[in-house]
Structures are given as structure tokens and as C-alpha cells.
Amino acid sequence: MSQLEVNITGKSKNYPIFILNNSLSELKNLIFNRIENHNYIIVFSEKVYKLYSKILDFPKDKIFILKDGENQKNIKNYQKIMNFVLSKKLNRQDFIISIGGGVVGDLTGFVASTYMRGINLIQVPTTLLSFVDSSVGGKTAINTKYGKNLVGSFYQPESVFININFLKTLDEKQYKSGLGEILKYAFIEKNCSDFENLNLIAYLNENFEKILKRDILILLELVEYCIKLKKYVVENDEKESDLRRILNFGHTYAHAIETFTKYKKYTHGHAVVCGIYFIFDFAYKTKLIDKEYFYLAKDLLEKFSYEKSCHININKLINLIKSDKKGSDEGIYLVIPESYANCAIKKYSFDEIKNIIGE
Ligand code: GLY
């Protein structure tokens, strides 16, 4: 087991992230040791519940089961979970536990942040994407008809338990989705660290076959390293006023095509990979990066064999970017590659974007 401590300025307590490779049957005791004699409820992803309810063995009356899918992250389910918590009369020393991917984690986190103005939250992510991104850093949210994640809070968990063995049953599409976020870290690695780098681009190039085969030891190293990068970012800018925007690398285009295809065609991580292709093209066309780095990036992305059919008309793209919460009428900040494993955050007007992309 390894353990990382997240230390957010101004918060009285650090919180631990446990990275585990032991049997999932031990998870219950680890969590019970953490919550001691306090009361708790668990929100479970339906898929995870079906696969693991026996081995995890939590009492049924503590469990709320949430259907899977991005469309479940809505106000109705927020209300249902909140009613469940209220019916159990939890107090502020008690715990809400989330077991599942990003949808369960974001929604449960939002419930925890608003129940009695904040109750202890334990995140138990079960997908690669939630290991390396959504379970760490305290973003919680629900979706509304006006857009994704427009209602939410920054609310750090009390602890995070990551057991790598959940990846053994994760379907291939979701696994590749998580790899999309890992690829993102490779191109922002230098922005996200003041410690010695692993050199993720080289590491992913060397180990891509093992990664695609889900080699547990490589995954342990990779997940821990990506969390270290994210931890550095959120410790330095919890509320995304500056550095944390770097984590949106590839995401402007990703959000646009996810909205355009109504969240049905692409997983989030796949959309991020499309966004990384887009922004490398953009950076190359503006001569921010040289040919060598452009092809190095493309070669790495190719190794992970994502379908690349994600073209979108420039006018539609601009309109979608305008309605994204990170845009404004004048333009948008793009996280754009500038040198090896390093990005800049630059503002572009929509006319500039049109001229650079062409069409
Ligand atoms: N997923 C991006 C962030 O946590 O800021």
C-alpha cells in the first residue's frame, strides 16, 4: 500500500489517498477503521454493486444504489440521496461514502458538501478515470439542462481509497477513457510538478503494451504518479483561479464534442484525446511547437489506438465553446502545448481561432 497526503492551504487537516493492491474483501475493514464508531451511508454505482456487493459485504440498509450514466448526475438523484441521508439521521461527524466512478463520486460529493453544510466524505473510486482525476481534488457537481457540472462545489474528501484491482472488471471503453486523462498528464507534466519528473511521455511510449494489457504493477506506478501531479496542482490552486486551469488541457474541444454528440458517442477520456489532437494541430499551426514535438505527441496518441472520427465544423465548435462555462463573448483561454511536457494558458478571440483552424 502507498499513501499520499493532500495538503490544501487553509484547511486544518491533510487528507490521505490510499493506493492499494490488496484483496477487495479488506476494503470494508479499512473503511470501518477510518470511520470508527460513526454512522455512515454508502452510495454505490449499480454496476459496481452488482459485481462486488458480496465481496465488499456492506449492510444493505446503509446502501443507496445509483444507476450508471452521466445523465444520472442530476438534481432528482441529488434529492433522492439527500432524502436517504436525512432518513438515516446522520450528523456532521458521520460519513457519506461513494463507491463508483466519476458520476457517483461527483454527485455524492455534492450531497456531502451540502448536507448540514458539510459532512465527512470518503471517496472509493472504481474506474481508471476516477482514480486519476475526479476522486482527487474536491470538485463535486451535478448536471442541469443548461450544461454539465454547472452546479457544484469544491469540497475535499476526508479520505480516498483506491484499489487497483477494480480495474480487472472495468470495461474496455471505460478503461481507455481513463487512459485519455493519463495521456493528458503527459503533456502538462512539467506544469504539474516541482519534483523530479518520471517523464510520462517516454514512460507511456515505453510501456504502452503493458498498459493496454492492464499490467497491475505498471498501473500502480502510473496511477500513483498521476495522482501526485494532480495533488501538486490542487494544493497550489484548489479553486481553479490559476494553475488548476492546466488540467483542462484538451477539454475545451472535448466538452464541445461531448455536448454536440449528447454524451452518447464518446466517453469523456476519448473526447479528451480528440481535444489533445485538436490542440496539438492548433499549436503547430500557430508555430508554438516545432514539427518534432508535434509528431512525437501524435505518435504517442496513435499507440493507444483511439478512433479519430471526431471532426466538427468550426462554426459549430465556436458556438459550443461560447456556451461552455469557461468561455466569454470575447474569447477563451486555451491550454496549449508550448514545449516538451509543458503548456501555456493563452487567450484567443473566436476570430483568431477561426483563422488558425481555417476551413
Ligand atoms: N478535472 C479537472 C479538475 O479536477 O480540476
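Everything below is about the structure shown above.
Cut-offs and rules
Residues numbered from 1 in each chain as written. Predicted model: local features only at pLDDT ≥ 70, side-chain atom pairs only at ≥ 80, totals over all residues. Heavy atoms only, no water. 1 Å grid on protein atoms, 1.4 Å probe; cavity = no way out; pocket = protein on both sides within 12 Å on 5 of 7 lines; lining within 4 Å. Points joined across faces, edges and corners; volume = space filled by probe spheres on them. Helix = DSSP H or I, 4+ residues; strand = E, 2+ residues; numbered from the N terminus. Nonpolar A, V, L, I, M, F, W, Y, C, P; charged D, E, K, R; others polar. Near = heavy atom within 4 Å. Polar contact = N/O pair within 3.5 Å; in protein donor to acceptor, adjacent residues only side chain to side chain. Areas by Shrake-Rupley, 256 points an atom, 1.4 Å probe, with all protein chains shown as cover. Phe/Tyr/Trp six-rings, centres within 6.5 Å; stacked < 30°, edge-to-face > 60°. Buried < 20%, exposed > 50% of the residue type's maximum accessible area, 1.4 Å probe, protein only.

Colleague: Is there a simple way to explain empty space enclosed by the protein in this structure?
Modeller: This structure, assessed with the given rule, holds two cavities of 30 Å³ or more. Roughly 60 Å³ of volume is contained in the largest cavity. Lining the largest cavity, in full, are Asn 248, Phe 249, Gly 250, His 251, Thr 252, Tyr 253, Gly 275, Phe 278, Ile 279, Leu 334 and Val 335. Listing elements by their share of the lining of the largest cavity, those giving two or more residues are helix 9 (251-260), helix 10 (268-285) and strand 10 (331-339). Partitioned by chemical class, the residues of the lining of the largest cavity number six nonpolar, five polar and no charged. Within this model, the second largest cavity holds a volume of roughly 30 Å³.

Colleague: When you look at the site of the ligand in this model, what are you seeing that I'm missing?
Modeller: Lining the immediate environment of the ligand, one finds Asp 133, Lys 139, Lys 230, Arg 244 and Leu 247. At a separation of 3.0 Å, a nitrogen atom of the ligand approaches a polar side-chain atom of Asp 133. Lys 139 places a side-chain nitrogen or oxygen 3.0 Å from an oxygen atom of the ligand. When the ligand is considered free in solution it has 200 Å² of accessible area, and contact with the protein chains removes 88% of it. Taken together, the residues that form the shell around the ligand break down as one nonpolar, no polar and four charged.

Colleague: Hey, could you run me through the packing of aromatic side chains in this one?
Modeller: In this description, an aromatic ring pair is defined by two values, namely the gap between the centres and the angle between the planes. For the structure on display, the rule yields 20 aromatic pairs. Ring geometry for Tyr 253 and Phe 278: centres 4.5 Å apart, planes at 15 degrees, overall stacked. Taken together, the residues span a long stretch of sequence, with Tyr 253 in helix 9 and Phe 278 in helix 10 at a distance of 25 residues. Looking at Tyr 253, the relative accessible area reads 8%, which means it is buried.

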